[in-house]
Amino acid sequence: MSQLTLKNIYKRYDNAGKKLFGKKHVENDFAVKDLSFECPNNSFIGILGPSGCGKSTTLRMIAGLEKITGGDIFIDDVRVNDLLPKDRNIGMAFEDYALYPPLSVYDNIAFNLKAKKTPPEKIAAAIGRIAPLLKVDELFAMKPSALSGGQKQRVNIARAIVRQPGILLLDEPLSHLDGKMRQTLRQEIKRMHHEIQCTTIIVTHDQIEAMSLADVIIIMKDGELQQMGTPLEVYDNPVNEFVAGFIGEPPMNLLQSLIVKRDGGFFFSFEESDLLIKVPGHSQDLVADGENVTLGIRPVDVLITDSDTSTPVPVSVYENFGDERRISMKVGQKHLNITTTENVFYKHGDIIHLDFNSEKTHLFNHETGRVIR
(Lines give C-alpha, C1' and ligand atoms only; values in the text may rest on other atoms or scores of the structure.)
Protein backbone atom coordinates (compact mmCIF):
# COMPACT_ATOMS: atom_id res chain seq x y z
CA MET A 1 0.00 0.00 0.00
CA SER A 2 1.13 3.56 -0.71
CA GLN A 3 0.28 7.11 0.20
CA LEU A 4 -0.91 9.36 -2.62
CA THR A 5 -0.63 13.15 -2.59
CA LEU A 6 -1.87 15.63 -5.21
CA LYS A 7 -0.61 19.21 -4.98
CA ASN A 8 -2.22 22.01 -7.00
CA ILE A 9 -3.06 19.85 -10.02
CA TYR A 10 -4.27 21.52 -13.24
CA LYS A 11 -5.35 19.94 -16.50
CA ARG A 12 -6.17 21.74 -19.74
CA TYR A 13 -6.84 20.04 -23.08
CA ASP A 14 -5.18 21.95 -25.91
CA ASN A 15 -7.47 20.66 -28.65
CA ALA A 16 -10.79 21.10 -26.82
CA GLY A 17 -12.81 23.54 -24.81
CA LYS A 18 -13.12 26.33 -27.39
CA LYS A 19 -16.34 28.17 -28.11
CA LEU A 20 -17.13 30.68 -30.79
CA PHE A 21 -18.45 34.05 -29.57
CA GLY A 22 -18.92 36.32 -32.57
CA LYS A 23 -15.53 36.21 -34.26
CA LYS A 24 -13.52 35.32 -31.19
CA HIS A 25 -12.51 31.94 -29.83
CA VAL A 26 -12.63 31.84 -26.04
CA GLU A 27 -11.13 28.90 -24.16
CA ASN A 28 -13.09 27.21 -21.41
CA ASP A 29 -11.63 26.82 -17.94
CA PHE A 30 -9.34 23.97 -16.99
CA ALA A 31 -10.80 20.46 -16.86
CA VAL A 32 -9.18 20.19 -13.40
CA LYS A 33 -8.27 23.30 -11.41
CA ASP A 34 -5.90 23.61 -8.47
CA LEU A 35 -6.81 20.21 -7.06
CA SER A 36 -5.04 19.13 -3.87
CA PHE A 37 -5.73 16.20 -1.56
CA GLU A 38 -4.00 13.36 0.23
CA CYS A 39 -4.87 9.66 0.42
CA PRO A 40 -3.18 8.02 3.44
CA ASN A 41 -1.92 4.44 3.35
CA ASN A 42 -4.70 1.83 3.18
CA SER A 43 -7.43 4.47 2.86
CA PHE A 44 -10.50 4.11 0.65
CA ILE A 45 -11.23 7.39 -1.13
CA GLY A 46 -14.29 8.17 -3.26
CA ILE A 47 -14.15 10.90 -5.90
CA LEU A 48 -17.73 11.95 -6.46
CA GLY A 49 -19.36 14.40 -8.84
CA PRO A 50 -21.59 14.82 -11.89
CA SER A 51 -20.54 13.82 -15.40
CA GLY A 52 -17.87 16.12 -16.81
CA CYS A 53 -16.61 17.39 -13.43
CA GLY A 54 -13.04 16.09 -13.96
CA LYS A 55 -13.06 13.03 -11.72
CA SER A 56 -12.04 10.47 -14.38
CA THR A 57 -9.44 12.91 -15.74
CA THR A 58 -8.00 13.11 -12.23
CA LEU A 59 -7.81 9.32 -12.01
CA ARG A 60 -6.08 9.08 -15.38
CA MET A 61 -3.51 11.68 -14.33
CA ILE A 62 -2.77 9.66 -11.19
CA ALA A 63 -2.32 6.56 -13.34
CA GLY A 64 -0.05 8.41 -15.79
CA LEU A 65 -2.45 8.02 -18.72
CA GLU A 66 -2.92 11.81 -18.93
CA LYS A 67 -0.19 14.45 -18.76
CA ILE A 68 -0.80 17.06 -16.09
CA THR A 69 -0.70 20.74 -17.05
CA GLY A 70 0.53 21.91 -13.67
CA GLY A 71 1.16 20.70 -10.14
CA ASP A 72 2.73 17.59 -8.65
CA ILE A 73 1.68 14.03 -7.88
CA PHE A 74 3.54 12.06 -5.21
CA ILE A 75 3.32 8.36 -4.41
CA ASP A 76 4.86 8.05 -0.98
CA ASP A 77 7.78 10.51 -1.25
CA VAL A 78 8.39 10.02 -4.98
CA ARG A 79 7.27 12.68 -7.48
CA VAL A 80 5.73 10.65 -10.31
CA ASN A 81 4.84 13.37 -12.84
CA ASP A 82 7.28 11.99 -15.38
CA LEU A 83 7.08 8.29 -14.54
CA LEU A 84 5.46 5.93 -17.04
CA PRO A 85 2.25 4.17 -15.92
CA LYS A 86 4.07 0.84 -15.60
CA ASP A 87 6.54 2.37 -13.14
CA ARG A 88 3.96 3.80 -10.72
CA ASN A 89 2.90 0.50 -9.09
CA ILE A 90 -0.77 1.26 -9.79
CA GLY A 91 -3.60 -1.10 -10.70
CA MET A 92 -6.61 0.25 -12.57
CA ALA A 93 -10.01 -1.16 -13.46
CA PHE A 94 -12.01 0.81 -15.98
CA GLU A 95 -15.74 1.21 -16.52
CA ASP A 96 -15.34 -0.96 -19.64
CA TYR A 97 -14.13 -4.44 -18.80
CA ALA A 98 -11.54 -4.59 -21.63
CA LEU A 99 -10.99 -8.33 -21.27
CA TYR A 100 -9.16 -10.27 -23.99
CA PRO A 101 -11.83 -12.41 -25.75
CA PRO A 102 -9.55 -15.29 -26.87
CA LEU A 103 -8.12 -15.80 -23.38
CA SER A 104 -9.64 -17.71 -20.50
CA VAL A 105 -10.50 -15.97 -17.25
CA TYR A 106 -7.34 -17.34 -15.67
CA ASP A 107 -5.15 -16.06 -18.51
CA ASN A 108 -6.87 -12.65 -18.45
CA ILE A 109 -6.11 -12.29 -14.74
CA ALA A 110 -2.54 -13.54 -15.25
CA PHE A 111 -1.85 -11.38 -18.32
CA ASN A 112 0.11 -8.57 -16.61
CA LEU A 113 2.14 -10.98 -14.51
CA LYS A 114 3.03 -13.08 -17.57
CA ALA A 115 4.08 -9.90 -19.40
CA LYS A 116 6.55 -9.27 -16.56
CA LYS A 117 7.83 -12.85 -16.95
CA THR A 118 6.70 -13.77 -13.44
CA PRO A 119 7.34 -17.49 -12.72
CA PRO A 120 4.18 -19.63 -13.18
CA GLU A 121 4.20 -20.80 -9.58
CA LYS A 122 4.16 -17.20 -8.32
CA ILE A 123 1.36 -16.36 -10.75
CA ALA A 124 -0.67 -19.30 -9.48
CA ALA A 125 -0.08 -18.28 -5.86
CA ALA A 126 -1.09 -14.66 -6.51
CA ILE A 127 -4.24 -15.62 -8.42
CA GLY A 128 -5.09 -18.23 -5.79
CA ARG A 129 -5.06 -15.53 -3.14
CA ILE A 130 -7.09 -12.91 -5.03
CA ALA A 131 -9.61 -14.97 -7.02
CA PRO A 132 -11.63 -16.25 -4.02
CA LEU A 133 -12.04 -12.69 -2.70
CA LEU A 134 -13.87 -11.72 -5.89
CA LYS A 135 -15.52 -15.11 -6.44
CA VAL A 136 -13.91 -15.75 -9.81
CA ASP A 137 -12.02 -18.93 -8.86
CA GLU A 138 -14.77 -21.09 -10.38
CA LEU A 139 -14.62 -19.20 -13.70
CA PHE A 140 -10.98 -19.86 -14.62
CA ALA A 141 -11.69 -22.03 -17.69
CA MET A 142 -14.42 -19.79 -19.14
CA LYS A 143 -14.02 -17.18 -21.88
CA PRO A 144 -15.25 -13.58 -21.39
CA SER A 145 -18.12 -14.11 -23.87
CA ALA A 146 -19.69 -16.62 -21.47
CA LEU A 147 -19.62 -14.28 -18.47
CA SER A 148 -22.29 -11.96 -17.08
CA GLY A 149 -21.57 -8.27 -16.62
CA GLY A 150 -20.93 -8.71 -12.91
CA GLN A 151 -18.56 -11.62 -13.53
CA LYS A 152 -16.64 -9.62 -16.16
CA GLN A 153 -16.17 -6.74 -13.74
CA ARG A 154 -14.95 -9.11 -11.02
CA VAL A 155 -12.36 -10.50 -13.45
CA ASN A 156 -11.43 -6.95 -14.46
CA ILE A 157 -10.81 -5.95 -10.84
CA ALA A 158 -8.97 -9.19 -10.07
CA ARG A 159 -6.61 -8.53 -13.00
CA ALA A 160 -5.90 -5.03 -11.61
CA ILE A 161 -5.04 -6.17 -8.08
CA VAL A 162 -3.31 -9.52 -8.69
CA ARG A 163 -0.04 -7.69 -9.33
CA GLN A 164 -0.27 -6.28 -5.78
CA PRO A 165 -0.28 -2.56 -6.63
CA GLY A 166 0.38 0.06 -4.01
CA ILE A 167 -2.66 1.99 -5.23
CA LEU A 168 -5.83 0.62 -6.83
CA LEU A 169 -7.87 2.94 -9.09
CA LEU A 170 -11.48 2.06 -9.91
CA ASP A 171 -13.12 4.16 -12.63
CA GLU A 172 -16.92 3.75 -12.28
CA PRO A 173 -16.62 -0.06 -12.11
CA LEU A 174 -20.30 -0.62 -11.29
CA SER A 175 -21.99 1.71 -13.77
CA HIS A 176 -22.94 -1.05 -16.26
CA LEU A 177 -24.51 -3.33 -13.64
CA ASP A 178 -28.12 -3.62 -12.49
CA GLY A 179 -29.21 -2.54 -8.99
CA LYS A 180 -28.96 -5.92 -7.27
CA MET A 181 -25.56 -6.72 -8.78
CA ARG A 182 -24.24 -3.26 -7.90
CA GLN A 183 -25.13 -3.80 -4.25
CA THR A 184 -23.51 -7.26 -4.20
CA LEU A 185 -20.30 -6.09 -5.87
CA ARG A 186 -20.11 -3.02 -3.60
CA GLN A 187 -19.94 -5.32 -0.60
CA GLU A 188 -17.32 -7.50 -2.26
CA ILE A 189 -15.14 -4.50 -3.19
CA LYS A 190 -15.29 -3.23 0.39
CA ARG A 191 -14.41 -6.65 1.79
CA MET A 192 -11.60 -7.04 -0.77
CA HIS A 193 -10.16 -3.65 0.21
CA HIS A 194 -9.88 -4.75 3.85
CA GLU A 195 -8.34 -8.08 2.83
CA ILE A 196 -5.63 -6.79 0.46
CA GLN A 197 -4.87 -3.59 2.46
CA CYS A 198 -4.39 -1.44 -0.61
CA THR A 199 -4.92 2.31 -0.93
CA THR A 200 -8.04 2.45 -3.12
CA ILE A 201 -9.65 5.30 -5.04
CA ILE A 202 -13.04 4.90 -6.71
CA VAL A 203 -14.52 7.41 -9.14
CA THR A 204 -18.30 7.52 -9.32
CA HIS A 205 -21.26 9.82 -9.97
CA ASP A 206 -23.42 7.66 -7.66
CA GLN A 207 -23.44 9.23 -4.18
CA ILE A 208 -24.85 6.07 -2.55
CA GLU A 209 -21.93 4.12 -4.01
CA ALA A 210 -19.41 6.66 -2.68
CA MET A 211 -20.95 6.88 0.77
CA SER A 212 -21.20 3.10 1.22
CA LEU A 213 -17.64 2.36 0.06
CA ALA A 214 -15.38 5.27 0.90
CA ASP A 215 -13.82 6.31 4.20
CA VAL A 216 -13.39 9.82 2.78
CA ILE A 217 -15.28 11.45 -0.08
CA ILE A 218 -13.90 14.11 -2.43
CA ILE A 219 -16.72 16.03 -4.11
CA MET A 220 -15.91 17.81 -7.39
CA LYS A 221 -17.75 20.23 -9.63
CA ASP A 222 -16.46 21.87 -12.82
CA GLY A 223 -12.95 20.56 -12.17
CA GLU A 224 -12.72 22.01 -8.65
CA LEU A 225 -12.73 20.44 -5.20
CA GLN A 226 -15.94 21.40 -3.37
CA GLN A 227 -15.54 19.45 -0.13
CA MET A 228 -13.52 16.59 1.31
CA GLY A 229 -14.60 14.67 4.38
CA THR A 230 -16.08 11.49 5.78
CA PRO A 231 -19.52 10.49 4.45
CA LEU A 232 -21.11 11.74 7.68
CA GLU A 233 -19.26 15.07 7.52
CA VAL A 234 -20.34 15.91 3.98
CA TYR A 235 -23.89 14.76 4.73
CA ASP A 236 -24.32 16.66 7.99
CA ASN A 237 -22.16 19.71 7.25
CA PRO A 238 -22.18 20.57 3.53
CA VAL A 239 -20.08 23.63 2.74
CA ASN A 240 -22.29 24.89 -0.09
CA GLU A 241 -25.59 24.37 -1.86
CA PHE A 242 -24.06 22.09 -4.49
CA VAL A 243 -22.80 19.58 -1.92
CA ALA A 244 -26.05 19.85 0.05
CA GLY A 245 -28.12 19.03 -3.02
CA PHE A 246 -25.78 16.36 -4.37
CA ILE A 247 -25.40 14.27 -1.21
CA GLY A 248 -28.43 12.43 0.13
CA GLU A 249 -31.28 10.47 -1.44
CA PRO A 250 -33.66 12.17 -1.77
CA PRO A 251 -31.52 15.33 -1.77
CA MET A 252 -31.73 18.16 0.72
CA ASN A 253 -34.61 20.60 0.31
CA LEU A 254 -33.17 23.97 -0.78
CA LEU A 255 -35.71 26.79 -0.51
CA GLN A 256 -35.14 30.49 -1.09
CA SER A 257 -36.35 32.30 2.00
CA LEU A 258 -36.86 35.76 3.46
CA ILE A 259 -35.93 36.19 7.13
CA VAL A 260 -38.71 37.80 9.17
CA LYS A 261 -38.76 38.78 12.84
CA ARG A 262 -41.65 37.56 15.01
CA ASP A 263 -41.99 37.77 18.81
CA GLY A 264 -38.32 38.56 19.31
CA GLY A 265 -37.05 35.69 17.12
CA PHE A 266 -36.27 35.09 13.47
CA PHE A 267 -38.19 32.82 11.08
CA PHE A 268 -37.79 31.60 7.53
CA SER A 269 -40.69 32.75 5.34
CA PHE A 270 -41.45 31.82 1.75
CA GLU A 271 -42.97 33.68 -1.16
CA GLU A 272 -46.63 32.78 -1.84
CA SER A 273 -46.78 30.64 1.32
CA ASP A 274 -47.90 31.09 4.94
CA LEU A 275 -45.35 28.53 6.13
CA LEU A 276 -42.88 29.73 8.79
CA ILE A 277 -39.86 27.80 10.08
CA LYS A 278 -38.02 29.01 13.15
CA VAL A 279 -34.37 29.88 12.67
CA PRO A 280 -32.47 27.61 15.10
CA GLY A 281 -30.93 29.15 18.19
CA HIS A 282 -27.35 28.68 16.98
CA SER A 283 -28.17 30.69 13.82
CA GLN A 284 -30.22 33.55 15.30
CA ASP A 285 -27.14 35.81 15.40
CA LEU A 286 -26.25 35.04 11.77
CA VAL A 287 -29.36 36.51 10.14
CA ALA A 288 -31.19 39.83 10.02
CA ASP A 289 -34.78 40.87 9.41
CA GLY A 290 -35.45 41.22 5.67
CA GLU A 291 -32.39 39.19 4.62
CA ASN A 292 -32.62 36.74 1.71
CA VAL A 293 -31.04 33.32 2.38
CA THR A 294 -31.38 29.77 1.13
CA LEU A 295 -32.75 27.33 3.68
CA GLY A 296 -31.53 23.74 3.53
CA ILE A 297 -33.32 20.95 5.38
CA ARG A 298 -33.18 17.23 4.73
CA PRO A 299 -36.45 15.36 4.04
CA VAL A 300 -35.96 13.24 7.18
CA ASP A 301 -35.91 16.42 9.30
CA VAL A 302 -39.33 17.58 8.08
CA LEU A 303 -41.81 16.02 10.50
CA ILE A 304 -45.53 15.33 10.30
CA THR A 305 -47.41 16.50 13.40
CA ASP A 306 -50.96 16.39 14.76
CA SER A 307 -50.69 19.94 16.07
CA ASP A 308 -53.34 22.27 14.65
CA THR A 309 -51.17 25.26 15.54
CA SER A 310 -48.72 24.49 12.72
CA THR A 311 -49.27 25.61 9.15
CA PRO A 312 -51.45 23.24 7.08
CA VAL A 313 -49.97 22.17 3.72
CA PRO A 314 -51.70 20.14 0.98
CA VAL A 315 -50.03 16.94 -0.29
CA SER A 316 -48.88 17.02 -3.91
CA VAL A 317 -47.32 13.57 -4.33
CA TYR A 318 -47.30 10.47 -2.09
CA GLU A 319 -44.93 7.54 -2.74
CA ASN A 320 -44.72 4.29 -0.75
CA PHE A 321 -41.37 2.47 -0.95
CA GLY A 322 -42.20 -0.18 1.64
CA ASP A 323 -39.58 0.72 4.23
CA GLU A 324 -40.25 4.45 3.88
CA ARG A 325 -42.80 6.91 2.57
CA ARG A 326 -41.96 10.02 0.55
CA ILE A 327 -44.32 12.98 0.49
CA SER A 328 -44.02 16.14 -1.57
CA MET A 329 -45.91 19.40 -1.18
CA LYS A 330 -45.64 22.86 -2.70
CA VAL A 331 -44.26 25.77 -0.70
CA GLY A 332 -44.93 28.71 -2.95
CA GLN A 333 -43.44 27.74 -6.29
CA LYS A 334 -41.00 25.21 -4.80
CA HIS A 335 -41.48 21.60 -3.65
CA LEU A 336 -40.76 20.49 -0.08
CA ASN A 337 -40.01 16.77 0.27
CA ILE A 338 -40.52 14.60 3.35
CA THR A 339 -39.19 11.12 4.08
CA THR A 340 -40.79 9.16 6.91
CA THR A 341 -40.78 5.59 8.19
CA GLU A 342 -44.19 6.11 9.79
CA ASN A 343 -46.97 3.93 8.34
CA VAL A 344 -49.02 6.76 6.84
CA PHE A 345 -51.05 7.11 3.66
CA TYR A 346 -52.14 10.28 1.89
CA LYS A 347 -53.95 11.21 -1.30
CA HIS A 348 -53.28 14.21 -3.49
CA GLY A 349 -54.80 17.27 -1.80
CA ASP A 350 -54.87 15.85 1.74
CA ILE A 351 -53.94 18.45 4.35
CA ILE A 352 -51.09 17.68 6.73
CA HIS A 353 -49.40 19.73 9.46
CA LEU A 354 -45.64 20.01 9.56
CA ASP A 355 -43.00 20.45 12.21
CA PHE A 356 -39.29 20.90 11.62
CA ASN A 357 -36.12 19.77 13.32
CA SER A 358 -34.87 23.35 13.30
CA GLU A 359 -31.47 22.38 14.75
CA LYS A 360 -30.87 20.41 11.54
CA THR A 361 -31.48 23.36 9.23
CA HIS A 362 -28.70 24.84 7.10
CA LEU A 363 -28.27 28.42 5.94
CA PHE A 364 -26.63 29.28 2.63
CA ASN A 365 -25.71 32.65 1.18
CA HIS A 366 -28.36 33.57 -1.38
CA GLU A 367 -25.77 34.81 -3.91
CA THR A 368 -22.64 32.67 -3.41
CA GLY A 369 -24.27 29.44 -2.27
CA ARG A 370 -21.71 29.11 0.54
CA VAL A 371 -22.84 27.96 3.98
CA ILE A 372 -23.43 30.69 6.56
CA ARG A 373 -21.76 29.88 9.90
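Everything below is about the structure printed above this text.
Residues numbered from 1 in each chain as written. Predicted model: local features only at pLDDT ≥ 70, side-chain atom pairs only at ≥ 80, totals over all residues. Heavy atoms only, no water.

**Q** Honestly, the overall build of the protein in this entry has me stumped. Any pointers?
**A** Scanning the protein from terminus to terminus reveals eight helices and 23 strands. Dimensions of the protein, computed from the C-alpha atoms along their principal axes, are close to 80 × 55 × 40 Å. Expressed as a percentage of its 373 residues, the buried residues of the protein come to 47%. Expressed as a percentage of contacts within the protein between residues at least 6 apart in sequence, the contacts between residues at least 24 apart total 68%. (Helix = DSSP H or I, 4+ residues; strand = E, 2+ residues; numbered from the N terminus. Buried < 20%, exposed > 50% of the residue type's maximum accessible area, 1.4 Å probe, protein only. Contact = heavy atoms within 4.5 Å.)

**Q** Looking at this structure, I do not really get the pattern of salt bridges. What am I missing?
**A** A pair can form between side chains of opposite charge whenever their charged atoms are brought close. Counted according to the given criterion, the structure contains 14 salt bridges. With a closest N to O distance of 2.7 Å, R154 and E188 form a salt bridge. Pair noted here: R154 is in helix α4 (residues 149–161) and E188 is in helix α5 (residues 179–196), with a separation of 34 residues, a long-range link. Each member of the pair, R154 together with E188, is buried. Overlapping salt bridges bring together K11, R60 and E66 as one network. (Salt bridge = Lys/Arg side-chain N within 4 Å of Asp/Glu carboxyl O.)

**Q** Could you clarify how one ought to interpret the environment of F246 in this entry?
**A** Counting through the fold element by element, F246 comes out in helix α8 (residues 241–246). In the structure, F246 is positioned 39 residues away from Q207 in sequence and 7.5 Å away in space, judged by C-alpha atoms. Filtering out sequence-adjacent residues up to four positions away, F246 remains in contact with L48, G49, P50, H205 and Q207.

**Q** Where do I start with the environment of K152 in this structure?
**A** Within the secondary structure, K152 sits in helix α4. Accessibility expressed as a relative area gives 23% for K152, which makes it partly exposed. In this view, K152 contacts Y97, L99, P144 and L147; residues no more than four positions away in its chain are not counted.

**Q** What should I look at first to understand the sheet that holds strand β17 (residues 302–305) in this one?
**A** Two modes of strand pairing occur in sheets, parallel and antiparallel, and in both the strands are linked by backbone hydrogen bonds. An order of β17-β22-β18 is seen for the three strands of this open sheet, with the pairing classed as antiparallel. Two strands bound the open sheet, and with one partner strand each, they are β17 and β18 (312–314). Strand-to-strand twist of the sheet, defined as the mean angle between neighbouring strand axes without regard to direction, takes the value 55 degrees. Of the pairings in the sheet, the one linking β18 to strand β22 (residues 351–356) comprises three bridges and is antiparallel in character. By the bridge assignment, V313 is partnered in β22 with I352. (Pairing = 2+ DSSP bridges. Axes fitted to C-alpha atoms, helices over the stretch in contact; angles between N-to-C directions.)

**Q** Looking at this structure, how should I read the state of the cysteines?
**A** Between two cysteines, a covalent bond joining their sulfur atoms is known as a disulfide. According to the stated counting rule, one finds zero disulfides in the structure shown. Here C39 is not disulfide-linked; the sulfur of C198 is the nearest cysteine sulfur, at 11 Å. Judged by its relative accessible area of 0%, C39 is buried. (Disulfide = S-S within 2.5 Å.)

**Q** Just checking my understanding: could you explain the packing of helix α2 (residues 105–115) against helix α3 (residues 120–130) for this structure?
**A** The geometry of a pair of packed helices is captured by two quantities: the angle between their axes and the separation between those axes. Between α2 and α3, the least distance of the axes is 10 Å, while the angle of their chain directions is 125 degrees. Taken together, the axes of α2 and α3 lie oblique to each other. The chirality of how α2 crosses α3 is right-handed. Across the interface between the two elements, Y106, I109, A110, L113 and K114 from α2 touch I123, A124, A126 and I127 from α3. (Parallel < 35°, antiparallel > 145°, perpendicular 65-115°, else oblique. Left-handed = near helix turned anticlockwise from the far one by under 90°.)

**Q** Got a minute to help me understand the nonpolar core in this structure?
**A** Nonpolar side chains in soluble globular proteins generally cluster together in the buried interior. In terms of nonpolar packing, the biggest core is built from 45 residues, with I109, I130, L134, V136, I189 and M192 touching the most fellow members. With five residues, α4 is the single largest residue contributor to this core. Not counting residues within four places of it along the chain, the set of residues in contact with I189 comprises F44, I157, L170, L174 and L213. One finds L255, L295, V331 and I338 within the second-largest nonpolar core, a separate group that totals 26 residues. (Core = buried A, V, L, I, M, F, W, Y, C linked by side-chain atoms within 4.5 Å.)

**Q** Whenever I open this one, unusual backbone geometry confuses me. Can you help?
**A** Most peptide bonds take the trans configuration, and most residues that are not glycine carry a negative phi. A cis geometry characterises the amide bond from E249 onward to P250, with omega recorded as 0 degrees. Structurally, P250 is set in the loop between α8 and β13 (253–262). A positive phi angle, near 55 degrees, is found at A98, a position not held by glycine. Topologically, A98 is positioned in the loop between β8 (90–93) and α2. A positive phi is found at K135, a non-glycine position, where the angle reads about 55 degrees. Counting through the fold element by element, K135 comes out in the loop between α3 and α4. Judged by its relative accessible area of 48%, K135 is partly exposed.

**Q** How should empty space enclosed by the protein be read in this particular structure?
**A** Think of a ball as big as a water molecule: rolled over the atoms, this probe shows where empty space is left. The final tally for this structure, using the stated rule, is one cavity of 30 Å³ or more. Here the largest cavity is characterised by a volume of approximately 30 Å³. Around the largest cavity, the lining residues are E172, P173, L174, S175, R182, T204, H205, D206 and E209. Its residues placed into classes, the lining of the largest cavity shows two nonpolar, three polar and four charged. (1 Å grid on protein atoms, 1.4 Å probe; cavity = no way out; pocket = protein on both sides within 12 Å on 5 of 7 lines; lining within 4 Å. Points joined across faces, edges and corners; volume = space filled by probe spheres on them. Nonpolar A, V, L, I, M, F, W, Y, C, P; charged D, E, K, R; others polar.)

**Q** Help me understand the sheet that holds strand β5 (residues 44–48), please; the structure alone is not making it clear to me.
**A** If you walk across this open sheet you meet the six strands as β8-β9-β10-β5-β11-β12, and the pairing is mixed. Two strands lie at the open edges of the sheet, namely β8 and β12 (224–229), each paired on one side alone. For this sheet, the mean inter-axis angle between neighbouring strands, taken without regard to orientation, is 15 degrees. Bridging between strand β11 (residues 216–221) and β12 involves five bridges; their strand directions are antiparallel. If you follow I218 over to β12, its bridge partner there is M228. Where α4 meets the sheet, its contacts fall on β8 and β9 (167–171), and the angle it forms with β8 comes to roughly 170 degrees.

As far as function goes, none of this settles anything; it's purely spatial.
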